[in-house]
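As a plain string of letters, each chain reads:
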Amino acid sequence: MTRLFGVSVFTGKVVLVSGAGHPLGRAMVRRLSGFGARIVAIDTEAQAMHRLAAHRPDRIEPLALDLTDPEACMILGESWGGEPLHLVYDFSALSAGKGGIGQVAARSDGLLTSIARGLRAGPGRAIVGLPDDEDGAVSGMLAAMVRQWNAALAPAKLHGVTISGATKHWTAARLTSSGDLMLALSHPVTRALAGGVVMKDGAWAEATGKDDDGGC
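Predicted model only: the values in this text are computed from it and were never measured.

(A) View of the overall build of the protein. Across its full length, the protein holds 7 helices and 7 strands. Taken from N to C terminus, the helices and strands of the protein fall in the order β-α-β-α-β-α-β-α-β-α-β-α-β-α. The buried share among the 216 residues of the protein stands at 50%. Residue pairs in contact within the protein that sit at least 24 positions apart in sequence constitute 68% of those at least 6 positions apart. Total accessible area computed for the protein in this model is approximately 9400 Å², and 53% of it derives from carbon and sulfur atoms.

Set out below in structure tokens:
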């Protein structure tokens, strides 16, 4: 990523990461805070969020919230709903043991409802991570949500990324590769990409117009 695109565009941006306890969420929080972004890291485990924030306490604000709870969504909306948000990453559906399809839907819908004003004000870009579930129930539901919310969030844009094996095998190399795709989708270089689109992790060339070594 640092070879392909300038990362200075992330400096000073306000970024919200839901599902920050997932390996990809943690990695994105660390990378973006290193680029100078201001991060709001959300997950249900308070201790995990405080440990994550300890890496850059000046740039990472930890929030332990269960966004299936309407009261937690209200807290998030009151705290951040009106502030312009530049980037939002929702990885909350990627972790195992996070409940059934109803809870997954409630969590992502609650997040987007809480911060819709801030995303429109940015105007920001949001990315939802979809698990590559065998029966397609969760991923199909989230894909429909991506399309619906993309229309509702204009002029902000919402993208979806289907991530295979989201609960396992998160090596450093894989975290870098998947993180690079997330960053590319958040970068001005992909501003012409239509919102409401769901792509697969690994579709680097299709999403950015560049291959792995930076060629066209």
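(B) Just the pattern of salt bridges, in detail. Within the structure shown, the criterion is met by 4 salt bridges. With its nearest N and O atoms 2.7 Å apart, the salt bridge here joins Asp180 to Arg31. On the criterion of sequence distance, the pair formed by Asp180 in helix H6 (residues 172–186) and Arg31 in helix H1 (residues 23–34) is long-range, its members being 149 residues apart. Between Asp58 and Arg59 there is a salt bridge; the shortest N-O distance is 3.9 Å. We classify Asp58 as exposed; its relative accessible area is 58%.

(C) Examining H6 more closely. If you check H6, its first and last C-alpha atoms are 21 Å apart, about what 15 residues at 1.5 Å a residue would give, namely 21 Å. Burial runs high along H6: 11 of the 15 residues are buried. Every buried residue belonging to H6 is among Arg174, Leu175, Ser178, Gly179, Asp180, Leu181, Met182, Leu183, Ala184, Leu185 and Ser186, and all of these are buried.

(D) Representation of the packing of helix H3 (residues 70–80) against helix H4 (residues 101–121) within the structure. At a closest axis distance of 8 Å, the pairing of H3 and H4 adopts a crossing angle of 20 degrees. Considering the angle they form, H3 stands roughly parallel to H4. Relative to H4, the crossing made by H3 is right-handed. For the pair H3 and H4, contact is made by Cys73, Leu76 and Gly77 and by Gly110, Leu111, Ser114, Ile115 and Arg117, respectively. Class assignment of the residues belonging to the contact of H3 with H4 gives a composition of 4 nonpolar, 3 polar and 1 charged.

(E) Expanded view of the pairing of strand E3 (residues 60–64). Two elements, strand E2 (residues 38–43) and E3, share 5 bridges in a ladder whose sense is parallel. Each bridged residue has a counterpart across the sheet, and for Val40 the counterpart in E3 is Glu61. As for the winding sense of the linkage, the β-α-β connection from E2 through helix H2 (residues 46–53) to E3 is right-handed.

(F) Quick peek at the packing of aromatic side chains. Taken as a whole and assessed by the stated rule, the structure comprises 2 aromatic pairs. When the centroid spacing of 6.0 Å and the interplanar angle of 25 degrees are considered together, the rings of Phe10 and Phe35 count as stacked. Taken together, the residues Phe10 in the segment before strand E1 (14–18) and Phe35 in the loop between H1 and E2 connect sequence positions 25 residues apart. Across this residue pair, the class does not change: Phe10 and Phe35 are buried. Seen from their ring centres, Tyr89 and Phe91 are 6.0 Å apart, and the 20 degrees between their planes marks the pair as stacked. The pair Tyr89 / Phe91 is uniform in exposure class, with both members buried.

Parameters and conventions
- Residues numbered from 1 in each chain as written.
- Predicted model: local features only at pLDDT ≥ 70, side-chain atom pairs only at ≥ 80, totals over all residues.
- Heavy atoms only, no water.
- Helix = DSSP H or I, 4+ residues; strand = E, 2+ residues; numbered from the N terminus.
- Buried < 20%, exposed > 50% of the residue type's maximum accessible area, 1.4 Å probe, protein only.
- Contact = heavy atoms within 4.5 Å.
- Areas by Shrake-Rupley, 256 points an atom, 1.4 Å probe, with all protein chains shown as cover.
- Salt bridge = Lys/Arg side-chain N within 4 Å of Asp/Glu carboxyl O.
- Expected span 1.5 Å × (residues − 1).
- Axes fitted to C-alpha atoms, helices over the stretch in contact; angles between N-to-C directions.
- Parallel < 35°, antiparallel > 145°, perpendicular 65-115°, else oblique.
- Left-handed = near helix turned anticlockwise from the far one by under 90°.
- Nonpolar A, V, L, I, M, F, W, Y, C, P; charged D, E, K, R; others polar.
- Pairing = 2+ DSSP bridges.
- Right-handed = clockwise from strand over helix to strand, strands pointing away.
- Phe/Tyr/Trp six-rings, centres within 6.5 Å; stacked < 30°, edge-to-face > 60°.

Interpretation note: all reported values are geometric properties and have no functional meaning in isolation.
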